[in-house]
Amino acid sequence: MIIVLKKDLADTEKQEILLALRAEGLPCTEMQPRGGALLVAGSRPGLDVGFLQTMSGVSEVIPDKSVFRLTGREQHPEDTIVKVGSVAIGGERIAVIAGPCAVESREQALTVARAVRRFGGVIFRGGAFKPRSSPYSFQGLGEEGLKILAEIRAETGLPIVSEITSPEQAEIMLKYVDMLQVGARNMQNFELLKCVGRLDRPVMLKRGLSATIEEWLMSAEYILSEGNGQVVICERGIRTYEPYTRNTLDLSAIPVVKKLTHLPIIVDPSHATGMREKVAPMARAAVAAGADGLMIEVHHDPARAVSDGQQSLYPEQFGDLMRDIYVIAPVVGKQVDFHYLEKAKAVSVTERGAGARRSVAIAGEPGVPDHKASLQYFGEELEAVETDSYREVFESVSGEDSDYGLIPLEHSLTGSVHENYDMLIEYDLRIVGEITLRIVHCLVSTPATKLAGVRRVHSEPTVFRHCDRFLETHPEWDRVAAQDVARAARRVKERGEPGDAAITTPEAADLFGLQVLEEGVETNPRNYTRFAVIAKNPIADSPKRKSSIVYQVPDRPGALLETLKIFADNKVNLVKLESRPVAGRPWEYMFYVDLEADVEAADFSPVLEQLITHTDYLKILGSY
Ligand code: PEP
Ligand code: MN
């Protein structure tokens, strides 16, 4: 690499750079072409040059051209999203692949697949050709196993991944599976890599038993160089001197690989640890470290499994793990979606007739959290219809210009978004889904502005309230209101005034090419916004866990208590209760209630009838 030094750098600054290079073990030579000063230094694959870029004497670091011609980020900066049936790996949602090590019988595979589907797995795994260390171990059911897998897809809707161990199997694999797995032992089987590179099917490439990251990506390079760009790489542990686990799970590979390549990375903690009780902790850690998905071995009767029973989770343990990662994912800006497949199926048909693209109306443009929420809820396939206000979102869905709308309902730091609750009463639309997003606010500016030079800060008024502690430390700044955080960023970019800054999302900073002066300026990092998806009709016929209702009670002592007693007597758990003044009728209130039940289900109707008799007004806002 070439390190261009600043013209006026001090000798001490240069010594610091030389020291840093020495500490990294990188040889270097000084050059002085036409008055400038350069250091030509060695490099190594995966070297993060960030430490050099931030040194005071460095003007620019020019890395060597990447050895990863097709898998490297230099040529392809944006993330690749790999589609397996209707499941996207590498997007906003965590894709969980699960199933037994091997397909043993139709009953076994189907029993596990139903559990996988019920608990939120989106792709089913199962080996039909098993590469076993011993030739005397079970080798898999072969084509019979593949036929069982195809039947499982038909019955459960789960796309299928299975391992290919030889180019000769290509034809029959294509007949039955949605994704081809290249196993750890075959990571450097170059004929096999070239073969799957020529097939029109996504590939999951596991890391070899003792492969370096460079060797692993080079194997991916083989597949891409044959024309197949739909590759997911899978970290499954490497062999080290440590015998307490089957392999050593290299979680640090995740951030390394994320920086080097645009390909998605998933983690297989089952083969990495080889022990059931170690699988969930490592799976949780993998999600926290930024993995795009997981591959988990699950078996309903692991004691009798023909292979890898000791590392297979019981279905209920898999369910518990899914709930854990559901909670962890938003912290790292992702989601686990328990209705992924139903939703994908439902949104593939639009209610607006042939030719119309399915769409979701949001207030604002890309860069606002609403846009990220819509991507996480529906995936990339829905067109986002940008509107100017929440009312326009309601209008768009009511007027059938959009199939769905997405609006914020509640901020964890500042409470309900009342205008949207009011419109849920006013319009004849229902809540059909919800999604919670962690919101990170950043102070951003054009590259010319330093923190000390900021005079004005642009943002949405609610966001100023979310960042009040930070803003209190800068009382001299003028706060300028913007309609949303993306417009605030756009304004700073377009005005190009040195004293301007915006508080916005990291996505908007990226989109508008603004520098982040300070990340995480929200008062509390536990800053979440809960969004509702609104539509005319429910998205899918799947069971609903939650409902939102609003009601008004007669003006007499105990009236509210009577309604609450109905919930208590019927063991209905309330997760939100809030009062809200009735517009135009001073000191009269409505109650918003979220409850853990499907209020429109037949078995709830006796409870609903009691509620109706104890209220003056009741509206079901939706079940989801
Ligand atoms: C498997 O996933 O079934 C498997 C054999 O894994 P690995 O190739 O990582 O050992
Ligand atoms: Mn296995």
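Residues numbered from 1 in each chain as written. Chains lettered and ligands numbered in written order. Predicted model: local features only at pLDDT ≥ 70, side-chain atom pairs only at ≥ 80, totals over all residues. Heavy atoms only, no water.

S.K.: Got a sec to walk through the overall build of the chain? Specific residues and values, please.
M.R.: Along the chain, the regular secondary structure elements total 21 helices and 29 strands. Referenced to the eigenvectors of the C-alpha coordinate spread, the extents of the chain come out at roughly 85 × 70 × 50 Å. Residue pairs in contact within the chain that sit at least 24 positions apart in sequence constitute 71% of those at least 6 positions apart. Carbon and sulfur atoms make up 51% of the accessible area of the chain, which totals about 27,900 Å². (Helix = DSSP H or I, 4+ residues; strand = E, 2+ residues; numbered from the N terminus. Contact = heavy atoms within 4.5 Å. Areas by Shrake-Rupley, 256 points an atom, 1.4 Å probe, with all protein chains shown as cover.)

S.K.: Tell me about the coordination of the manganese ion (ligand 2), and please be specific about residues and values.
M.R.: Surrounding the manganese ion (ligand 2) are the protein donor atoms Cys101 (SG), His271 (NE2), Glu297 (OE) and Asp308 (OD), which sit 2.0 to 2.4 Å from the metal. One chain supplies every donor for the manganese ion (ligand 2), spaced along it as C-x169-H-x25-E-x10-D. Of this pair, glutamate 297 sits in strand 14 (residues 293-297) while aspartate 308 is found in the loop between strand 14 and helix 11 (315-328), placing the two residues 11 residues apart along the sequence. Of the two residues, glutamate 297 and aspartate 308, neither departs from the other in class, the shared state being buried. (Donors = N, O, S within 2.8 Å, 3.2 Å for Na, K, Ca; no water. Buried < 20%, exposed > 50% of the residue type's maximum accessible area, 1.4 Å probe, protein only.)

S.K.: Let's hear about the environment of histidine 371: which residues, and what values?
M.R.: Residue placement: histidine 371 occurs in helix 13 (residues 369-378). Exposure remark for histidine 371: the relative accessible area of 17% places this residue in the buried category. Measuring from C-alpha to C-alpha, the distance between histidine 371 and glutamate 386 comes to 8.9 Å, with 15 residues separating the pair along the chain. Ignoring anything within four residues of it in the chain, the contact list for histidine 371 reads Ile362, Glu365, Pro366 and Ala384.

S.K.: Tell me what's going on with a nonpolar patch on the surface, and back it up with residues and numbers.
M.R.: A grouping of Ile2, Met31, Val40 and Ile62 is seen on the molecular surface, where their side chains present a nonpolar patch of about 280 Å² in accessible area. You can see isoleucine 2 is positioned in strand 1 (residues 2-5). (Patch = residues over 30% accessible without salt bridge, like charges linked within 9 Å, V, L, I, M, F, W, Y side chains within 5 Å. Salt bridge = Lys/Arg side-chain N within 4 Å of Asp/Glu carboxyl O.)

S.K.: Kindly report on the site of ligand 1, identifying the contributing residues and their values.
M.R.: Near ligand 1, the surroundings consist of Arg125, Lys130, Glu163, Gln181, Gly183, Ala184, Arg185, Lys206, Arg236, His271, Met295 and Glu297. Note that an oxygen atom of ligand 1 is positioned 2.9 Å from one of the side-chain N or O atoms of glutamine 181. In this structure, alanine 184 approaches ligand 1 through a main-chain N or O atom, which is 2.8 Å from an oxygen atom. For the shell around ligand 1, a count of residues per class yields two nonpolar, three polar and seven charged. (Near = heavy atom within 4 Å. Polar contact = N/O pair within 3.5 Å; in protein donor to acceptor, adjacent residues only side chain to side chain. Nonpolar A, V, L, I, M, F, W, Y, C, P; charged D, E, K, R; others polar.)

S.K.: I'd like a rundown of the state of the cysteines, residues and numbers included.
M.R.: A full pass over the atoms with the stated rule returns zero disulfides. Distance from the sulfur of cysteine 195, which forms no disulfide, to the nearest cysteine sulfur (cysteine 234) is 20 Å. (Disulfide = S-S within 2.5 Å.)

S.K.: Please set out the pattern of salt bridges residue by residue, giving values where relevant.
M.R.: Considering all chains together, one arrives at 46 salt bridges under this definition. Residue arginine 487 is joined to aspartate 484 by a salt bridge in which the shortest nitrogen-to-oxygen separation is 3.5 Å. Look at arginine 487 and you get partly exposed, because its relative accessible area is 28%. Residue class for aspartate 484 comes out buried when judged on its relative accessible area of 7%.

S.K.: Tell me about the packing of aromatic side chains, and please be specific about residues and values.
M.R.: Applying the stated criterion across every chain, the model contains eight aromatic pairs. Ring centres 4.3 Å apart and planes at 45 degrees place the aromatic pair tyrosine 421 and tyrosine 592 in the tilted group. Of this pair, tyrosine 421 sits in helix 15 (residues 418-426) while tyrosine 592 sits in strand 28 (residues 589-595), and the two are 171 residues apart along the sequence. Members of the aromatic cluster, each reached through a chain of ring pairs, are Tyr377, Phe378 and Tyr404. Against the face of tyrosine 340 rests arginine 93, its NZ or CZ located 3.9 Å from the ring centre. Sitting above the plane of the tyrosine 377 ring, lysine 343 keeps its charged end 3.3 Å from the centroid. (Phe/Tyr/Trp six-rings, centres within 6.5 Å; stacked < 30°, edge-to-face > 60°. Lys NZ or Arg CZ within 6 Å of the ring centre and 35° of its normal.)

S.K.: Any chance you could break down the packing of helix 14 (residues 390-398) against helix 15 for me, citing the residues and the numbers?
M.R.: Running from amino to carboxyl end, helix 14 crosses helix 15 at an angle of 25 degrees, the nearest separation of the two axes being 10 Å. Between helix 14 and helix 15, the angle falls in the class roughly parallel. Where helix 14 crosses over helix 15, the handedness of that crossing is right-handed. The segment helix 14 lies against helix 15, with Tyr390, Arg391 and Phe394 engaging Glu419, Asn420, Met423, Leu424 and Glu426. In terms of residue class, the contact of helix 14 with helix 15 is made up of four nonpolar, one polar and three charged. (Axes fitted to C-alpha atoms, helices over the stretch in contact; angles between N-to-C directions. Parallel < 35°, antiparallel > 145°, perpendicular 65-115°, else oblique. Left-handed = near helix turned anticlockwise from the far one by under 90°.)

S.K.: Any chance you could break down helix 18 (residues 485-495) for me, citing the residues and the numbers?
M.R.: Taken residue by residue, helix 18 has Val485, Ala486, Ala488, Ala489 and Val492 as its buried positions. Relative to the axis of helix 18, the buried residues are bounded by an arc of 160 degrees and lie together on one face. Buried-residue contacts for helix 18 involve helix 13, strand 20 (442-445), strand 21 (456-459), helix 16 (461-466), strand 23 (500-504) and helix 19 (506-511). (Arc of directions from axis to C-beta.)

S.K.: Describe in detail the sheet that holds strand 24 (residues 515-519), supporting the description with residues and values.
M.R.: In space, the five strands of this open sheet follow the order 22-21-23-20-24, with mixed pairing throughout. The open sheet has two edge strands, strand 22 (478-481) and strand 24, and neither has a second partner. Taken over all neighbouring pairs, the strand axes of this sheet differ in orientation by 30 degrees on average, direction set aside. Examined bridge by bridge, strand 21 and strand 23 share three bridges and lie parallel to one another. Bridging from a neighbouring strand, valine 457 pairs with alanine 501 of strand 23. In the packing of helix 18 onto the sheet, contacts are made with strand 20, strand 21, strand 22 and strand 23, and the angle to strand 23 comes to roughly 160 degrees. (Pairing = 2+ DSSP bridges.)

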